[in-house]
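# Structure at a glance
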Amino acid sequence: IIGMTFIACIAAFGMLASVLSKSANVSMLITLTFWLVFVAVVPNTALFWAQTIFGIESPESISERVYQERQEINNNAPEGSWSSNGSNPFFYRHELRANNQTNLMNSEKRIRDAYYLDMFRQLKRVRLATLLSPVSLFEYMSDSIIGGGFVRFMKNWKDLHTYQERFLVFFKDKDAADPDSPHWYNPYEDYSTTRKPVNFEEVPLYTEGVISLADRFSALSFYLVIMLLYTIVIYFLSFVLFVRYDVR
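The paragraphs below set out a description of the structure included in this document. If you're wondering where the values come from, they're calculated on a predicted model, not measured in any experiment. (Residues numbered from 1 in each chain as written. Predicted model: local features only at pLDDT ≥ 70, side-chain atom pairs only at ≥ 80, totals over all residues. Heavy atoms only, no water.)

### Some points on the overall build of the protein
Defined as follows: By the criteria applied, helices consist of DSSP H or I runs no shorter than four residues and strands consist of E runs no shorter than two, each listed in order from the N terminus. With the radius of gyration taken over C-alpha atoms, the globule rule is written as 2.2 Å times the number of residues to the power 0.38. Burial classification: accessible surface area is computed with a 1.4 Å probe over protein chains only, and a residue below 20% of its type maximum counts as buried, one above 50% as exposed, and the rest as partly exposed. Note on contacts: a residue pair qualifies if any of its non-hydrogen atoms lie within 4.5 Å across the two residues. Note on areas: Shrake-Rupley with a 1.4 Å probe; residue coverage comes only from the protein chains shown.
Along its length, the protein carries 8 helices and 0 strands. Ordered by position from N to C terminus, the α and β elements of the protein give α-α-α-α-α-α-α-α. Computed over the C-alpha atoms, the radius of gyration of the protein is 28 Å, more than 25% above the 18 Å expected from 2.2 N^0.38 for a compact globule of 248 residues. For the protein, the spread of C-alpha atoms along the principal axes amounts to about 100 × 40 × 20 Å. Counting every position in the protein, which comprises 248 residues, the buried fraction comes to 30%. By sequence separation, contacts in the protein at least 24 residues apart represent 73% of the contacts at least 6 residues apart. Carbon and sulfur atoms make up 63% of the accessible area of the protein, which totals about 15,800 Å².

### Things to note about the packing of aromatic side chains
Selection criterion: Two aromatic rings from Phe, Tyr or Trp, using only the six-membered ring of Trp, form a pair when their centres are within 6.5 Å; if the ring planes differ by under 30 degrees the pair is stacked, by over 60 it is edge-to-face, and anything between is tilted. Only lysine NZ and arginine CZ atoms are considered, and such an atom sits over a ring when it is within 6 Å of the ring centre and within 35 degrees of the ring normal.
By the definition in use, this model includes 17 aromatic pairs. Geometrically, the ring pair formed by Phe 120 and Phe 153 is edge-to-face, given 5.7 Å between the ring centres and 70 degrees between the ring planes. Remark: Phe 153 occurs in helix 7 (residues 149-176) and Phe 120 occurs in helix 5 (residues 93-129); sequence separation between them is 33 residues. The buried category is assigned to Phe 120, whose relative accessible area is 11%. On the basis of relative accessible area, Phe 153 is assigned to the partly exposed category, the value being 41%. Taken together, Tyr 115, Tyr 116, Phe 120, Phe 150, Phe 153 and Trp 157 form an aromatic cluster joined through their ring pairs. When the ring centre of Tyr 185 is taken as origin, the NZ or CZ atom of Lys 172, which lies over that ring, is 4.7 Å away.

### Some thoughts on unusual backbone geometry
With phi around 65 degrees, His 183 is a residue other than glycine that occupies positive phi space. Tracing the sequence through the fold places His 183 in the loop between helix 7 and helix 8 (213-243).

### Overview of the environment of Ile 30
For Ile 30, the position within the fold is in helix 2 (residues 24-44). On the basis of relative accessible area, Ile 30 is assigned to the buried category, the value being 19%. For the pair Ile 30 and Ser 18, spaced 12 residues apart in the sequence, the C-alpha separation amounts to 8.5 Å. Sequence-distant contacts of Ile 30, defined by excluding residues within four places in its chain, comprise Ala 17 and Leu 20.

### What to know about the packing of helix 1 (residues 2-19) against helix 2
Test applied: In this analysis, axes come from line fits to C-alpha atoms, helices being fitted only over the stretch in contact, and the angle between any two N-to-C directions falls in the range 0 to 180 degrees. Handedness of a helix crossing follows the sense of rotation of the near helix relative to the far helix, less than a right angle counterclockwise being left-handed and clockwise being right-handed. Note on residue classes: Ala, Val, Leu, Ile, Met, Phe, Trp, Tyr, Cys and Pro are nonpolar, Asp, Glu, Lys and Arg are charged, and everything else, Gly too, is polar.
Between helix 1 and helix 2, whose axes approach to 8 Å, the crossing angle comes to 145 degrees. Along this stretch, helix 1 crosses helix 2, giving a crossing that reads as right-handed. Counted together, Phe 13, Leu 16, Ala 17 and Ser 18 of helix 1 and Ser 27, Ile 30, Thr 31, Phe 34 and Phe 38 of helix 2 form the full contact between these two elements. Across the contact of helix 1 with helix 2, the residue classes break down as 6 nonpolar, 3 polar and no charged.

### Comments concerning the nonpolar core
In plain terms, the rule: Residues enter a nonpolar core if they are buried and are Ala, Val, Leu, Ile, Met, Phe, Trp, Tyr or Cys, with the set joined through side-chain atoms within 4.5 Å.
Of all hydrophobic cores here, the largest spans 17 residues; its most connected members are Leu 137, Met 141, Tyr 223 and Met 227. Residue contacts for Met 227: discarding those within four places in its chain leaves Thr 5, Phe 6, Cys 9, Pro 134, Leu 137, Phe 138 and Met 141.

### As for the pattern of salt bridges
When the charged atoms of two side chains with opposite charge come close together, those side chains can pair. Defined as follows: Salt bridges, as used here, are contacts in which a Lys or Arg side-chain nitrogen is within 4 Å of a carboxyl oxygen on Asp or Glu.
Here the structure, examined in full by the defined rule, presents 12 salt bridges. Salt-bridge contacts for Glu 202 lead to Lys 174; the nearest nitrogen and oxygen are separated by 2.4 Å. One end of the pair, Glu 202, is in the loop between helix 7 and helix 8; the other, Lys 174, is in helix 7, and 28 residues separate them in sequence. On the basis of relative accessible area, Glu 202 is assigned to the partly exposed category, the value being 40%. For Lys 174, a relative accessible area of 32% corresponds to the partly exposed category. Across the pair Arg 195 and Asp 190 runs a salt bridge whose closest N-O atoms are separated by 4.0 Å. The class for Arg 195 is partly exposed, based on a relative accessible area of 46%. Sharing partners across several salt bridges, the network here consists of Asp 178, Asp 180 and Lys 196.

Here's what the structure looks like:
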């Protein structure tokens, strides 16, 4: 259905080019112009639109923000927050260290997650700017129907966040079962959590989920409607011009 709609849309533009001029050479030039705009210009200028019109904060700026917040957290941390004693997991300042490391992780995660969401919004806006091209529409619909491209990426993005929580619960449960651990969760180090070996078969594994047909059709429906509208409008315009066309 997607392929037939795309062919119908391209055929409509071909008919339009034929009736826009009485000269075959001019019609061919119009056809080449359509091809150039739809295949070369619009899809390949997406990066330009993203950087100029839909620009977001730069990675360097994000890294600087992360660094500044780390400095602020460390400066405001209680005295001894970086103390450690590798031979004594119950060293009381390990709890301060664990809390400080958790604050650092949460701060960076908050900044980077907001940045990633900005990137997703930027991509969606750029896609709206490239809807002029039936070729881009066909590409987006093809990605959606096979469960690939951005649709697949977002599915994994959400599922991986769910898996993160599941894996953390698994780790904390293992830590809670170890009497030799003080249970002070440190996301970066093992000063204050269990060091016991873990059976591989017990570790929860991430498995990529299959995107349902309903979700695939939901993702492509907007682009399909746009292409159908293009096709209908261009066919109608071609018909009107053909009726007025003077074959002499």
